[in-house]
Amino acid sequence: MSKFRAYAPASIGNVSLGFDLLGAALLPVDDQLLGDWVEVESSTVFDISVDGHFSDRLPPEPDKNIVKHCHDFFQQALVSHGHSELQVKLHLHKALPIGSGLGSSASSIVATFYALNEYADKPFDKDKLLLMMGELEGQISGSIHYDNVAPSYLGGLTLMTGEEQPVALQLPVFDDWYWVVSYSGLSVSTAAARKILPRQYDLGTCLAFGRQLSVFIDALYRNDRQMAAKMMQDVIAEPHRKTLLPGFDEARQFVGTQNGLAFGISGSGPTVFAVTDSLTSAQNIEQWLNRHYVQNADGFSHICKIDTQGTRLINT
Ligand code: HSE
């Protein structure tokens, strides 16, 4: 086969309580795909083409396309590991909005590396690919963090461990939880949303962060939904970033009236997410967010479960 098409799901970075460490891959319950895909095809002439709902927001110059950066990085890695360069062209289907907090750049990066690695007959293992994905994500957002690339690549709810070498652990998930995501239609750059965060946090905040993350993980392993949900508070980013998100407090308040288990900012925003164990609540929340949180025609909401598969080949 000389053509590989890889799909990489959207993701929620941070999941409120795990800044830069925790991420969740998303699978809409209506069986739609919510993520970008990239196709690699043999060609003697290199080319990048794009389509998809948000492709007109990409830089028009192919050299500025992240897929091109991933391609160049992958080819260099091949050569430095003693392999020959690939003769390919690439196509990006850009389904995720840029600057949305849904792991849009991570989705393109993961799909590109995965498709190239499959095309090249898997010269790189999972850890090496994850490292390459993180490097490219870091070039875009201004600092290396894996909370979008890891879940998009591996699926599930992933926790990053490892200091020098990234190691992604897949945590247990409650499969009766619905994750409603709502993108307002505005754009927030990750680099800008990181810049507004303090460089230092006080002791109380550090203790709350450590307690929440450790109790949350323990609760997942004990199957204690109530305790896990209670720990999903964002003490690091939300107090500073919510000023960038019109309607955030009202949305949180509405989710509270629907017995929502948790509510927070997805990655660096402006997408927000709500967790509930009732499909009726999820539907009410989705409708309300569509009416009140979404600001323009680019916005949308989806009811999702956790995508436990991560990136995968799909039919060409
Ligand atoms: N952890 C990153 C941040 C995710 O919050 O800046 C970016 O999507």
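Conventions we followed
- Residues numbered from 1 in each chain as written.
- Predicted model: local features only at pLDDT ≥ 70, side-chain atom pairs only at ≥ 80, totals over all residues.
- Heavy atoms only, no water.
- Helix = DSSP H or I, 4+ residues; strand = E, 2+ residues; numbered from the N terminus.
- Rg over C-alpha atoms; globule rule 2.2 N^0.38 Å.
- Buried < 20%, exposed > 50% of the residue type's maximum accessible area, 1.4 Å probe, protein only.
- Contact = heavy atoms within 4.5 Å.
- Areas by Shrake-Rupley, 256 points an atom, 1.4 Å probe, with all protein chains shown as cover.
- Lys, Arg positive; Asp, Glu negative; His and termini not counted.
- Charge placed at Lys NZ, Arg CZ, Asp CG, Glu CD.
- Pairing = 2+ DSSP bridges.
- Near = heavy atom within 4 Å.
- Polar contact = N/O pair within 3.5 Å; in protein donor to acceptor, adjacent residues only side chain to side chain.
- Domains from an automatic or database assignment.
- Expected span 1.5 Å × (residues − 1).
- Arc of directions from axis to C-beta.
- Buried area = accessible area lost by both parts, 1.4 Å probe.
- Salt bridge = Lys/Arg side-chain N within 4 Å of Asp/Glu carboxyl O.

Draft legend 1. Region of interest: the overall build of the chain. Secondary structure summary: the chain contains ten helices and 13 strands in total. Here the C-alpha radius of gyration of the chain, 19 Å, is about what a compact globule of 316 residues would show, namely 20 Å. When the backbone C-alpha atoms are referred to their principal axes, the chain occupies close to 60 × 40 × 35 Å. When each of the 316 residues of the chain is scored for burial, the buried share is 55%. In the chain, 76% of the contacts between residues at least 6 apart in sequence involve partners at least 24 apart. Approximately 13,700 Å² of the chain is accessible, and the part contributed by carbon and sulfur atoms is 49%. Of the side chains in the chain, 23 bear a positive and 35 a negative charge, and the two mean positions are spaced by 3 Å.

Draft legend 2. Molecular detail of the sheet that holds strand E13 (residues 312-313). Read from one edge of the open sheet, five strands run E5-E6-E4-E1-E13, paired in mixed fashion. Looking at the sheet topology across the chains shown, the edges are occupied by strand E5 (48-51) and E13. As defined by bridge partners, strand E1 (residues 3-9) adjoins strand E4 (residues 35-42) across seven bridges and the pair is classed as antiparallel. Each residue of the ladder has a partner; that of Pro-9, found in E4, is Gly-35.

Draft legend 3. Spatial organisation of the pairing of strand E7 (residues 157-161). Within E7, four of the five residues are buried, which leaves it mostly tucked inside the rest of the structure. Bridge count for strand E3 (residues 22-28) against E7 is three bridges, and the pairing is antiparallel. Paired with Gly-23 across the strands is Thr-158, a residue of E7. Hairpin connection, E7 to strand E8 (residues 167-171): the antiparallel pair is bridged by five residues, and Gly-162 has positive phi, about 90°.

Draft legend 4. Highlighting the site of the ligand. Neighbouring residues of the ligand: Asn-14, Phe-19, Asp-20, His-145, Asp-147, Asn-148, Thr-190, Arg-194, Arg-241, Gly-267 and Ser-268. The contact in question runs from a nitrogen atom of the ligand to an N or O atom on the side chain of Asp-20, over 2.5 Å. Here a nitrogen atom of the ligand sits 2.7 Å away from a polar atom, N or O, in the side chain of Asp-147. Out of a free accessible area of 260 Å², the ligand has 98% covered by protein chains. Here the shell around the ligand spans two domains, and each of domain 1 (3-172) and domain 2 (178-306) adds at least three residues to it.

Draft legend 5. Seen up close, helix H10 (residues 279-292). Its 14 residues give H10 an end-to-end C-alpha distance of 20 Å, which sits within 8% of 20 Å, the value for a rise of 1.5 Å per residue. Of all the residues in H10, the buried ones are Ser-281, Ala-282, Ile-285, Trp-288 and Leu-289. Around the axis of H10, the buried residues are gathered within 135° of arc, so they sit on the same side. Exposed and oriented more than 90 degrees from the buried face of H10 are Thr-280 and Arg-291. Check the buried side of H10 and you find it contacts strand E9 (178-183), helix H9 (248-257), strand E11 (272-276) and strand E12 (300-306).

Draft legend 6. Seen up close, the domain arrangement of the chain. Taken domain by domain, the chain comprises domain 1 (3-172) and domain 2 (178-306). The C-alpha-based centres of domain 1 and domain 2 are spaced at 23 Å. On the domain 2 side, the residues contacting the 37 residues of domain 1 number 42 residues. Buried area between domain 1 and domain 2, both sides added, is near 3,100 Å², and the carbon and sulfur share of it is 67%. Taken as a group, Ser-16, Leu-17 and Phe-19 account for 23% of the area that domain 1 buries against domain 2, more than any other trio of residues on that side. Note that Asp-20 is salt-bridged to Arg-194, the shortest N-O span being 2.7 Å. For the pair domain 1 and domain 2, the number of links is ten residue pairs in polar contact (both at pLDDT 80 or more).

Draft legend 7. Fine view of the pattern of salt bridges. Enumeration over the complete set of coordinates arrives at 16 salt bridges. Across the pair Lys-64 and Glu-61 runs a salt bridge whose closest N-O atoms are separated by 3.7 Å. Its relative accessible area of 52% is what places Lys-64 among the exposed residues. Classification of Glu-61 as partly exposed rests on a relative accessible area of 35%. Lys-68 is paired through a salt bridge with Asp-72; the nearest N and O atoms lie 2.8 Å apart. Of this pair, Lys-68 and Asp-72 both sit in helix H1 (residues 66-80), four residues apart, which is roughly one turn of the helix. Here Lys-68 falls in the buried class, since its relative accessible area comes to 15%. With a relative accessible area of 27%, Asp-72 lands in the partly exposed category. Salt bridges linked by common partners bring Lys-3, Arg-5 and Glu-39 together as one network.

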